[in-house]
Amino acid sequence: KFAQVGYGSDGRGVGNTEEGYTYVVNDNVRTGDTIQPIATSRKGRKFVTTGVVRHAYKETSAKGQEAEQEAMENTGDITRVYTGKELGVKGSRVAKAPEGIEPKHKPLSQYAERTRAKQIGAYMAENPTAEFSKNAIETFDSYSQKFMK
């Protein structure tokens, strides 16, 4: 199945196309679902971000084939995104900032953090030469520790 994804927790960072970026997902992913896709920076480095599925199409449908063709023309590649369930992730979906810290952005839930980490592992297994952003696997907890005294 193909999913057209807008970046950010509200899915509005659609980027190069009005419909968003195209990813391969499993058949259980639906429009409106929040996923943790691997994105590519302008420097070509990979990182995991939050995205919202704007449209999901079966790969055999006309819309699905159109989404695939457009993605291949724009990027030459379509990345596979695994769901947390596919990656075996368990944990709280409630996002909480550490006590005493007012986050600049909404913190990720444990579930989202674990999904991101396993998403990177799955991507690295399939693409061992991929270059990741230096902050790609830093969690909110590990980042915030240096500010907590």
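Whatever comes next refers back to the structure up there.
This report concerns the structure included in the present document. (Residues numbered from 1 in each chain as written. Predicted model: local features only at pLDDT ≥ 70, side-chain atom pairs only at ≥ 80, totals over all residues. Heavy atoms only, no water.)

## Considering the overall build of the protein
Using the following cut-off: Only DSSP runs of H or I reaching four residues or more are called helices, and only runs of E reaching two or more are called strands; each is numbered from the N terminus. With a 1.4 Å probe rolled over the protein chains alone, any residue whose accessible area is under 20% of its type maximum counts as buried; one over 50% counts as exposed, and the rest are partly exposed. Residue contacts are counted whenever heavy atoms from the two residues lie within 4.5 Å of one another. Under the convention used here, a 1.4 Å probe and the Shrake-Rupley method define accessible areas, while residue burial counts only the protein chains that appear.
Within the protein one finds three helices and six strands. Looking at the protein residue by residue over its 149 residues, the buried ones come to 36%. When contacts within the protein are restricted to residue pairs at least 6 apart in sequence, those whose partners lie at least 24 apart make up 58%. Of the roughly 9,700 Å² of accessible surface on the protein, 47% is carried by carbon and sulfur atoms.

## Comments concerning the sheet that holds strand β2 (residues 21-24)
What links the strands of a sheet is backbone hydrogen bonding, and the strands pair in either a parallel or an antiparallel sense. To keep things clear, this is the line we draw: A pair of strands is treated as paired once DSSP finds two or more bridges between them.
Reading across the sheet, the four strands line up as β2-β1-β6-β3 and stay open at both edges, with antiparallel pairing between neighbours. Only two strands of the sheet have a single neighbouring strand rather than two, namely β2 and β3 (34-35).

## Let's talk about the packing of aromatic side chains
Aromatic ring pairs are defined here through the distance separating the ring centres and the angle between the ring planes. What counts here: In this analysis, rings of Phe, Tyr and Trp, with Trp reduced to its six-membered ring, are considered paired at centre separations within 6.5 Å, and the interplanar angle assigns stacked below 30 degrees, edge-to-face beyond 60, and tilted for intermediate values.
Under the criterion given, the structure shown has two aromatic pairs. On the numbers, 4.6 Å between centres and 10° between planes, the contact of Tyr7 with Tyr21 is stacked. Here Tyr7 is found in strand β1 (residues 2-7), whereas its partner Tyr21 is found in strand β2, with 14 residues between them in sequence. The class of Tyr7 is buried, set by a relative accessible area of 18%. For Tyr21, a relative accessible area of 23% corresponds to the partly exposed category.

## A few points about the side chain of Asn26
What counts is decided by this rule: Counted as a polar contact is a pair of N or O atoms within 3.5 Å, where, for protein atoms, one must be capable of donating a hydrogen and the other of accepting one, and residues adjacent in sequence contribute only when both atoms are in side chains.
Assignment of secondary structure puts Asn26 in the loop between β2 and β3. With relative accessibility at 14%, the residue Asn26 sits in the buried group. A distance of 2.7 Å separates a polar atom in the side chain of Asn26 from the backbone nitrogen of Asn28.

## With respect to the pairing of strand β6 (residues 51-57)
Of the strand pairs in this sheet, β1 and β6 are connected by six bridges, and their pairing is antiparallel. Paired with Phe2 across the bridge in β6 is Tyr57. In terms of strand pairing, β3 meets β6 through two bridges, oriented antiparallel. The residue bridging Thr34 from the neighbouring strand is Val52, located in β6.

## Quick word on the pairing of β1
Burial within β1 is extensive, with six of its six residues counted as buried. Of the two faces of β1, the one lined by Phe2, Gln4 and Gly6 and the one lined by Ala3, Val5 and Tyr7 are each fully buried. Here β1 runs beside β2; their pairing, made up of four bridges, is antiparallel. Paired with Ala3 across the bridge in β2 is Tyr23.

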